[in-house]
Amino acid sequence: MDQISAEDSGLVSAFMGRLRQLLHDLRRPEEATAWTGIVVLTGLLVYSYWPGLLNARSSWDNPQYSHGWIVPLFTLGLLFSWRQPVADEIPLSGRMAGLGLLAASFALRLAVARYRIVTIDMYTFVPAIAGVFLMVGGWRMFRWAWAPIAFLIFMFPLPDEATRYLLGPLQTLATIVSTYALQTLGLDAYREGNQIVLGDMHLGVVDACSGLRMLTIFVALSVALVMLGDRDWWENVVVIASAIPIALIVNSIRITVTGLLYQIASSEVAEMVFHDLAGWVMMPLALGMLFLLQQTLAKLFFTESTELAPITSTGPTPDPTPSRRPVATRPATPATLLAGGGTQAGKGPLPIQNLASGRTPQPPVPPKPKQAFSPPPPIVPPRTPPQPRQG
């Protein structure tokens with residue numbers, strides 16, 4: 001409980017610190033002028049896009065886009081947290097690029113209005129807001145503001161054509177995966193179109209079971225987690241790319257469990273799990289898989305640090321006062337014996353005493369040089385004196 005209170009107080013103190021920093025920066029004329037221009041131009045854009053924003057708001061009543069209301073709040077929170085002071089001088093290139101992005105957004109809006117493509121008309125609101133930030137704050141503001149602004153795309157629904165093209169393949173994929181899973185569990189199941197036949201029971205995979213709702217919500221959540229985290233770019237790519245298969249796998253698990261309960265339990269239990277409990281379990285299960293993926297990446301790959309660790313001495317600290325006793329200043333090792341032993345202040349090297357016997361070891365006796373080999377002298381037999389001859 002104390003830890004939770006400490007975390008809450010830390011968040012509150014961080015928020016108050018950012019708020020005080022914002023109020024302090026607004027005292028600068030450049031900061032106040034820039035944010036006044038952003039607020040005014042954003043208000044004009046909201047007024048211009050008001051019909052499309054109302055259509056987006058009505059789509060939030062659809063369970064597939066029920067997360068839409070939290071997207072603008074998340075964007076405002078990131079902009080407040082990532083805000084940096086405005087530069088003293090805004091380069092002309094940044095202002096011209098922002099004006100060009102704003103003009104391109106309005107040009108695209110006029111083009112799609114001719115064909116009455118409502119969703120594309122709503123999508124142009126995002127680059128228009130980005131153009132305002134770039135035109136008023138320059139490249140420095142655009143570097144930290146573009147990602148939160150781009151996240152606003154998740155508050156709009158998918159185009160109707162995209163929804164129709166996605167529903168059919170997702171239904172077929174969910175049916176095939178769930179059928180194979182039920183067969184792996186030992187059930188007599190086979191597929192007929194978008195239906196799973198389990199004995200006398202037909203389990204239909206309708207549009208609500210296609211996984212499109214789980215896919216749209218979980219992709220938006222994965223992008224939000226990437227923006228809040230501090231990982232390498234390739235890890236962010238892996239996390240976002242894995243959101244699609246994770247969402248489809250979780251949806252297939254939901255269908256498989258429902259078919260299994262139809263066989264081992266009753267239809268009432270299966271309907272309760274499918275419509276009530278599965279909605280609460282699917283998102284935590286998907287988040288658990290995503291967390292497991294992040295932990296696996298952290299264990300498999302790591303970044304080598306180029307900083308050198310400080311070297312600390314673990315031996316005894318030498319006495320700064322010079323000693324008068326003829327003792328060695330370092331332990332007796334073969335290296336120090338060959339080097340001439342320890343030292344004494346003002347008296348040069350000293351022989352190192354043997355700590356076990358207390359005797360001073362004698363210097364090693366150099367070996368005698370080997371003599372060159374010479375062959376032995378030849379053996380000469382002794383000469384006998386001649387004997388006198390007898391007459």
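Worth saying up front: this structure is predicted, and the values here are computed from it rather than measured.

### Description of the overall build of the protein
Part 1 of the reasoning: In terms of regular secondary structure, the protein is built from 12 helices and five strands.
Part 2 of the reasoning: Looking at the 391 residues of the protein, the share that counts as buried comes to 32%.
Part 3 of the reasoning: Counting contacts in the protein only where the partners sit at least 6 residues apart, residues at least 24 apart contribute 70% of the total.
Part 4 of the reasoning: Counting every atom, the protein has about 26,600 Å² of accessible surface; 66% of that belongs to carbon and sulfur.

### Here we look at the packing of helix 2 (residues 29–48) against helix 3 (residues 50–59)
Part 1 of the reasoning: For the pair helix 2 and helix 3, interaxial distance at closest approach is 5 Å and the crossing angle is 70 degrees. Accordingly, the angle class assigned to the pair helix 2 and helix 3 is roughly perpendicular. For the pair helix 2 and helix 3, contact is made by V46, Y47 and S48 and by W50, P51 and L53, respectively.
Part 2 of the reasoning: Looking at the contact of helix 2 with helix 3 residue by residue, the classes come out as five nonpolar, one polar and no charged.

### Some details on the nonpolar core
Part 1 of the reasoning: One finds L45, F133, M155 and F156 to be the most contacted residues of the largest nonpolar core, which totals 39 residues.
Part 2 of the reasoning: If you list the elements that add at least two residues to this core, you get helix 2, helix 3, helix 4 (70–82), helix 6 (118–123), helix 7 (125–150) and helix 9 (212–228).
Part 3 of the reasoning: Residue contributions to this core peak at 14 residues, all from helix 7.
Part 4 of the reasoning: Leaving out residues up to four positions away in the same chain, F156 has contacts with L53, A56, M122, Y123, F125 and V126.
Part 5 of the reasoning: Judged by nonpolar contacts, the second largest core, of 16 residues, contains L170, V226, V250 and L290.

### Regarding the pattern of salt bridges
Part 1 of the reasoning: Tallying each qualifying case throughout the model produces eight salt bridges.
Part 2 of the reasoning: Two residues, R28 and E31, come together in a salt bridge whose shortest N-O distance is 3.0 Å.
Part 3 of the reasoning: Overall, R28 belongs to the partly exposed group, its relative accessible area being 23%.
Part 4 of the reasoning: We note a salt bridge from D61 to R57, for which the minimum N-O separation is 3.4 Å.
Part 5 of the reasoning: When salt bridges with common partners are traced through the structure, they connect D25, R28, E30, E31, R83 and D88 into a single cluster.

### Observations concerning the pairing of strand 3 (residues 201–204)
Part 1 of the reasoning: Every second residue of strand 3 is oriented toward a common face, the buried set being M201 and L203 and the non-buried set H202 and G204.
Part 2 of the reasoning: Of the strand pairs in this sheet, strand 2 (residues 195–198) and strand 3 are connected by four bridges, and their pairing is antiparallel. When the sheet's bridge partners are listed, Q195 is paired in strand 3 with G204.
Part 3 of the reasoning: Two successive antiparallel strands, strand 2 and strand 3, enclose a turn made up of two residues, where G199 displays a positive phi of approximately 70 degrees.

### Quick look at helix 5 (residues 92–114)
Because each turn of an α-helix spans 3.6 residues, side chains separated by three or four positions in sequence point in the same direction.
Part 1 of the reasoning: Helix length check: helix 5, at 23 residues, gives a terminal C-alpha distance of 34 Å against a target of 33 Å (1.5 Å per residue), a fit within 8%.
Part 2 of the reasoning: Listed in full, the buried residues belonging to helix 5 are G94, G98, L102, S105, R109 and V112.

### A short note on the environment of S93
Part 1 of the reasoning: Counting through the fold element by element, S93 comes out in helix 5.
Part 2 of the reasoning: Remark: the alpha-carbon pair of S93 and G138, spanning 45 residues in sequence, is separated by 8.0 Å.

Definitions and limits used
- Residues numbered from 1 in each chain as written.
- Predicted model: local features only at pLDDT ≥ 70, side-chain atom pairs only at ≥ 80, totals over all residues.
- Heavy atoms only, no water.
- Helix = DSSP H or I, 4+ residues; strand = E, 2+ residues; numbered from the N terminus.
- Buried < 20%, exposed > 50% of the residue type's maximum accessible area, 1.4 Å probe, protein only.
- Contact = heavy atoms within 4.5 Å.
- Areas by Shrake-Rupley, 256 points an atom, 1.4 Å probe, with all protein chains shown as cover.
- Axes fitted to C-alpha atoms, helices over the stretch in contact; angles between N-to-C directions.
- Parallel < 35°, antiparallel > 145°, perpendicular 65-115°, else oblique.
- Nonpolar A, V, L, I, M, F, W, Y, C, P; charged D, E, K, R; others polar.
- Core = buried A, V, L, I, M, F, W, Y, C linked by side-chain atoms within 4.5 Å.
- Salt bridge = Lys/Arg side-chain N within 4 Å of Asp/Glu carboxyl O.
- Pairing = 2+ DSSP bridges.
- Expected span 1.5 Å × (residues − 1).

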